[in-house]
Amino acid sequence: MLTRPDVAIVGAGPVGLAIAWRCASRGLRVAVHDPAPGSGASQVAAGMLAPVAEAYFGEPELIGLLAESAARWPGFAAELSEASDQEFGYRTEGTLVVGLTGDDLAEARRLWSYQEGLGLPITPLRPSQLREREPALATRVRGGAVAPGDHQVDPRRLVAALRVAAGRAGATLVPGAVSRLSDVDAGVTVVAAGCGAAALTGLPVRPVKGQVLRLRAPGRGAPGFRHVLRGYADGESVYLVPRDSGEVVVGATVEERADTEVTAGAVLRLLRAAVDLVPELAEYDLVEAAAGLRPGTPDNAPILGPLPGRPGVLAATGHHRHGIVLTPVTADLVTDLIVTGQSAPLLAPFTPDRFTAEEERTWN
Ligand SMILES: Cc1cc2nc3c(=O)[nH]c(=O)nc-3n(C[C@H](O)[C@H](O)[C@H](O)COP(=O)(O)OP(=O)(O)OC[C@H]3O[C@@H](n4cnc5c(N)ncnc54)[C@H](O)[C@@H]3O)c2cc1C
């Protein structure tokens, strides 16, 4: 790129690429820096777009942002497939939450009662109703619920489509890592480097390891179930994400670790829970076992907005378990902020100063 970019984006994961696409589409000159685009958490992510089944106790503001982003997904997916001429496994069958034993069901029910109480769309189903929808479920499954608005996308294909769309809109990819923000010369710099954001900004983003398996249906056919299944099986929490390609993603561990080793114990627990819920999975090929690092934050919510004391630098990081579902809303709000200089009210709970202010309070 010969001229100084209006916007430099550090990180070509789903978040950075979606911001690049949106900014370039608004006529800005955009450069995206990354030594290995798409090699972060999105490389292993399952791609659940689950504002309901992933809504946990005590995260009300995050739940609002998840719902807002999920509502933007249909329009975002339609625009992206038109802009890229690519498909990325966006599917809308919905999610079934299931419990294997009485205790598992009690655990699942506790969470979905909370979700129902918030007015989120989730409806309990009897075991017979569950099996009508998904005959592949084990006969032992004691009950569950359906979250019809919880959808899915294939994150690897999403990143590929975003690269094409951003490139066609005029964004340039600059291969190579950024080691200091002062090395980047641009009107605005957006740090969208996932776990790499901590070293660049000092923000409290930490790696949260997740191990994931990929199975493949025999004979290259589609998996024997269509819904995303989020299950509790003998105390283990597991999800199963079926793709049209025949792939089933089985995930995921949640570990406060920064390595990406795959352990025998995690593979054993994930497979046991998966096969307990859907017995036919025992016949599938095991094609991949991998681990990725979620960009976690102290309150599990993303960090979006201006970096205090660093004029012209914005953060778009810390998406933790939700970076895929939060991609549309993040890209829209950050792009609006860059183009108009105005911060949308929706951003207010997620700005970086919630942590820097806390640090100042601690030290004063
Ligand atoms: C096991 C697992 C399962 C998940 N499942 C889901 C799910 O079902 N649904 C969901 O919504 N989310 C899920 N996530 C979370 C999701 O993957 C992340 O929140 C999302 O990928 C964050 O996107 P990102 O673009 O911010 O970061 P990343 O995807 O991590 O990408 C960061 C990019 O920045 C680059 N980078 C880093 N440092 C630098 C630097 N110094 N200079 C230049 N480039 C740099 C990296 O090379 C990388 O390409 C899952 C994550 C894991 C690990």
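Above this text you will find the structure in question.
Residues numbered from 1 in each chain as written. Predicted model: local features only at pLDDT ≥ 70, side-chain atom pairs only at ≥ 80, totals over all residues.

Caption draft 1: Structural context of the overall build of the protein. Within the protein, the secondary structure is distributed over nine helices and 16 strands. Taking 364 residues into account, the globule formula puts the C-alpha radius of gyration at 21 Å, and the protein, at 20 Å, falls close to it. Residue pairs at least 24 apart in sequence account for 80% of intrachain contacts in the protein once pairs closer than 6 positions are excluded. (Helix = DSSP H or I, 4+ residues; strand = E, 2+ residues; numbered from the N terminus. Rg over C-alpha atoms; globule rule 2.2 N^0.38 Å. Contact = placed C-beta atoms within 7 Å.)

Caption draft 2: Broad picture of the pairing of strand β11 (residues 228-233). Counting buried positions over the six residues of β11 gives six, a clear majority of the element. Burial of the side chains of β11 extends over both faces: V228, R230 and Y232 are buried on one face and L229, G231 and A233 on the other. The pairing of strand β4 (residues 95-99) with β11 spans five bridges and is parallel. In the strand pairing of β11, V98 is matched with G231. Across five bridges, the pairing between β11 and strand β12 (residues 236-242) is antiparallel. In the sheet register, G231 faces β12, and the bridge partner there is V238. Hairpin connection between β11 and β12: a loop of two residues separates the two successive antiparallel strands, and D234 in this loop has a positive phi of roughly 50°. (Buried ≥ 20, exposed ≤ 12 C-beta atoms within 10 Å, placed from the backbone. Pairing = 2+ DSSP bridges.)

Caption draft 3: Spotlight on the environment of V267. Looking at the element boundaries, V267 is found in helix α7 (residues 264-277). Overall, the presence of 16 C-beta atoms within 10 Å leaves V267 in the partly exposed class. With 16 residues separating them in the primary sequence, V267 and G251 have C-alpha atoms 9.5 Å apart. Filtering out sequence-adjacent residues up to four positions away, V267 remains in contact with L213, V262 and A289.

Caption draft 4: Inspection of the site of the ligand at higher detail. Residues in contact with the ligand amount to 43 residues; listed here are only the nearest, G13, G40, G194, G196 and G323. Of all the secondary structure elements, the ones that give two or more residues to the shell around the ligand are α1 (14-25), β2 (30-34), β10 (206-216) and β14 (285-296). When residues of the shell around the ligand are sorted by domain, at least three fall in each of domain 1 (7-85 + 154-204 + 298-363) and domain 2 (95-148 + 207-295). (Near = placed C-beta within 6 Å. Domains from an automatic or database assignment.)

Caption draft 5: Quick peek at the sheet that holds strand β5 (residues 123-125). Pairing within the open sheet is mixed, and its eight strands lie in the order β5-β6-β4-β11-β12-β13-β10-β14. This sheet does not close on itself; its edge strands, each paired only once, are β5 and β14. Going from strand to strand, the sheet's axes swing by 25° on average, the running direction of each strand aside. As paired strands, β5 and strand β6 (residues 143-147) are joined by three bridges and run antiparallel to one another. Within the sheet, the bridge partner assigned to L125 lies in β6 and is G144. Taken strand by strand, helix α3 (residues 102-117) contacts β4, β6 and β11, and its axis lies near 135° from that of β4. Sheet contacts for α7: β4, β10, β11, β12, β13 (247-251) and β14; angle to β12, the most-contacted strand, approximately 70°. (Axes fitted to C-alpha atoms, helices over the stretch in contact; angles between N-to-C directions.)

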